[in-house]
Amino acid sequence: MSTSRWAAVLPDLSPWRSSRDFRLLFFQGTVTFFGSFMAMIALPLQIKHLTDSPLAVGAMGAVELVPLVVCGLYGGALADAVDRRRLILLTEAGLGVLALVLLVNATLPNPLLWPLYLVAAGVSALTGLQRPALDSLMARIVPHEQLSAAAALNGLRYQFGAIAGPALAGVVVAYAGYASAYAVTVVGFLASVLLCLRLAPAPPVRDAARPSLRGIAEGARYAWSRPVLLGTYAVDLAAMFFAFPNAIFPFLADELDAVWALGLMYAAGAVGSLVLGMTSGWVSRVRRHGLLVVCGAGVWGLAIAAAGWFSNIWPVLVCLAVAGAGDMLSGLGRATIWNQTIPEALRGRLAGIEVLSYSVGPQLGQVRAGTMASWTGTRTAFWSGGLACVASVALLAAALPKLISYDADTDEDALRRRAERESHPQPSTAPA
């Protein structure tokens, strides 16, 4: 293949070259995701080990839901009112402390169950506070025309951790125990804090309002008034609620007599996402990002449904990989629309709503999957949820046609944001 053809397929590295802060966040996110996925796998496994109950594992979603909703909304308002770098730094340090609590509990002769739920709630709260600041920072440090490429690179960063973390976590837990997995998480957060210290300050816009319910309501009204934004939130929420069965992976592995493949099940979706990300050069040329959102969510639902129909582990792993590719495709569309259309003064508050759309869905999805699995069986919980996902996405696409017709070259909000960036370039986009 010629050099030009490779360039059309391989990821666009423009954001990496143009922004020092993007490079720092890329490394920070890689380290954080790796450690976080170690804990993400070890925590439900430890609950399963202590209770042997799918309902108890699914209850993690219920425990995490309220802190995520409250702190996600407040974190969005906070991100518009304070230095985003400082907010990211403090919450990252707090997550490291919670990982230390898991480590201490795992070293007890008889580990306790309640600290696992307590830490899960705390992680959810701190994530809700942090993610709006992280997400809203991207449009400030990356040039407008490179936002799609930045979303693809961020997806690659996430998928690296999602593959390496679960795969290694399964081995570490099996051979070294839960404490070792949590120790890796603690070290990861320590390294992440050191990287965050090197980020440039990211102060709020001039005359930024203090965090308040009125400010949160202003952001919600803006989102509600934009059918394209509303569609991205609704599609992702529906897809994750109906077709996020990760909490019952351990039980499916038992049914398929493939406990050895549990780590692969958690990593398979990330493999599919990684493959799509590694061939994402074409994404920078796409203008119809709403179409990406809908098509990707549909692929996700169909693949999850298919995973519930097979009784052999290998086709299941392939289906989970395809689902990951669909999720990546939808995520690229969402991230690009958000960064292209949202005003800087509202970016934090809208990022808080974004956190709810892509985080509350998985939490509720865990509850749904665990509850349905306990009533109807594990495989039924898979295929029924996948089909419900496809149906709900189709209905939302029909109800919100502006999402499908979104075009970055003609949408008024996207053109307005591009003009603002060109007239007021951000200093942090300059290379080191």
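Residues numbered from 1 in each chain as written. Predicted model: local features only at pLDDT ≥ 70, side-chain atom pairs only at ≥ 80, totals over all residues. Heavy atoms only, no water.

Some points on the overall build of the chain
Of regular secondary structure, the chain possesses 18 helices and zero strands. Taking 22 Å as the expected radius of gyration for a compact globule of 432 residues, we find that the chain reaches 21 Å, a close match to that expectation. Each principal axis of the C-alpha distribution contributes one length, and for the chain these read about 60 × 50 × 40 Å. Sequence separation of at least 24 residues holds for 87% of the intrachain contacts in the chain that already meet a minimum separation of 6. (Helix = DSSP H or I, 4+ residues; strand = E, 2+ residues; numbered from the N terminus. Rg over C-alpha atoms; globule rule 2.2 N^0.38 Å. Contact = heavy atoms within 4.5 Å.)

What to know about the pattern of salt bridges
Applying the stated criterion across every chain yields a total of ten salt bridges. A salt bridge links Asp21 to Arg20, with the nearest nitrogen and oxygen atoms 3.5 Å apart. Between Glu218 and Arg349 there is a salt bridge, with the nearest N and O atoms lying 3.1 Å from each other. One end of the pair, Glu218, is in helix H9 (residues 213–224); the other, Arg349, is in helix H15 (residues 347–376), and 131 residues separate them in sequence. Connected through salt bridges with shared partners, the residues Asp80, Arg84, Glu218 and Arg349 form a single ionic network. (Salt bridge = Lys/Arg side-chain N within 4 Å of Asp/Glu carboxyl O.)

What to know about the packing of aromatic side chains
The full count for this structure, using the stated rule, is nine aromatic pairs. With 5.2 Å between their ring centres and 85° between their planes, Trp16 and Phe26 make a pair best called edge-to-face. Here Trp16, found in helix H2 (residues 14–18), pairs with Phe26, found in helix H3 (residues 20–51); they are ten residues apart in sequence, far enough to count as distant. Judged by relative accessible area, Trp16 falls into the partly exposed class, the value being 28%. (Phe/Tyr/Trp six-rings, centres within 6.5 Å; stacked < 30°, edge-to-face > 60°. Buried < 20%, exposed > 50% of the residue type's maximum accessible area, 1.4 Å probe, protein only.)

Overview of the nonpolar core
Generally speaking, nonpolar side chains in soluble globular proteins are found buried as a group. By size, the foremost hydrophobic cluster in this structure holds 85 residues, and its most contacted members are Tyr182, Leu229, Met265, Trp300, Leu320 and Leu350. Sequence-distant contacts of Tyr182, that is, excluding residues within four places in its chain, are made with Ala39, Ala42, Leu43, Gln46, Ala99, Leu102, Leu103 and Ala106. Counting residues in hydrophobic clusters, the runner-up holds 24 residues, among them Phe22, Leu25, Met138 and Cys196. (Core = buried A, V, L, I, M, F, W, Y, C linked by side-chain atoms within 4.5 Å.)

Some details on H3
The end-to-end C-alpha distance of H3, which contains 32 residues, comes to 47 Å, matching closely the 46 Å that a straight helix rising 1.5 Å per residue would cover. For H3, the tally of buried residues reaches 23 of 32 residues, placing the bulk of the element in the interior. The distance from a side-chain oxygen at the start of H3 to the backbone nitrogen of Phe22 is 3.1 Å, and the residue carrying that oxygen is Ser19. Two residues or fewer after H3 comes Asp52, characterised by a positive phi angle close to 55°. (Expected span 1.5 Å × (residues − 1). Polar contact = N/O pair within 3.5 Å; in protein donor to acceptor, adjacent residues only side chain to side chain.)

What to know about the packing of H3 against helix H8 (residues 178–196)
Where H3 meets H8, the closest approach of the two axes is 8 Å, and the angle between their N-to-C directions is 155°. Our classification of the angle between H3 and H8 gives roughly antiparallel. The chirality of how H3 crosses H8 is left-handed. Counted by class, the contact of H3 with H8 contains 17 nonpolar, nine polar and no charged residues. (Axes fitted to C-alpha atoms, helices over the stretch in contact; angles between N-to-C directions. Parallel < 35°, antiparallel > 145°, perpendicular 65-115°, else oblique. Left-handed = near helix turned anticlockwise from the far one by under 90°. Nonpolar A, V, L, I, M, F, W, Y, C, P; charged D, E, K, R; others polar.)

Thoughts on the environment of Val318
Turning to its location among the elements, Val318 is positioned in helix H14 (residues 313–341). As a C-alpha pair, Val318 and Gly269 span 49 residues in sequence and 8.7 Å in three-dimensional space.

Re helix H16 (residues 378–399)
The end-to-end C-alpha distance of H16 is 32 Å, a good match for the 32 Å that 22 residues give at a rise of 1.5 Å each. Restricting attention to buried positions, one finds in H16 the residues Thr378, Ala381, Phe382, Gly385, Gly386, Cys389, Ser392, Val393 and Ala397. Projection of H16 onto a plane perpendicular to its axis shows the buried side chains occupying an angular sector of 140°, all on one side. For H16, exposure combined with an orientation more than 90 degrees from the buried face picks out Leu395, Ala398 and Ala399. (Arc of directions from axis to C-beta.)

A word on the confidence of the model for the chain
On average, the chain scores 85 in pLDDT, and the residues at 70 or more come to 94%. Highest mean pLDDT in the chain belongs to helix H5 (residues 84–106) (94); lowest belongs to helix H1 (residues 3–9) (54). Under a pLDDT of 50 for its full length, residues 427–432 has, in the predicted model, 18 contacts with residues more than four places off or in other chains. (pLDDT = per-residue confidence, 0-100.)

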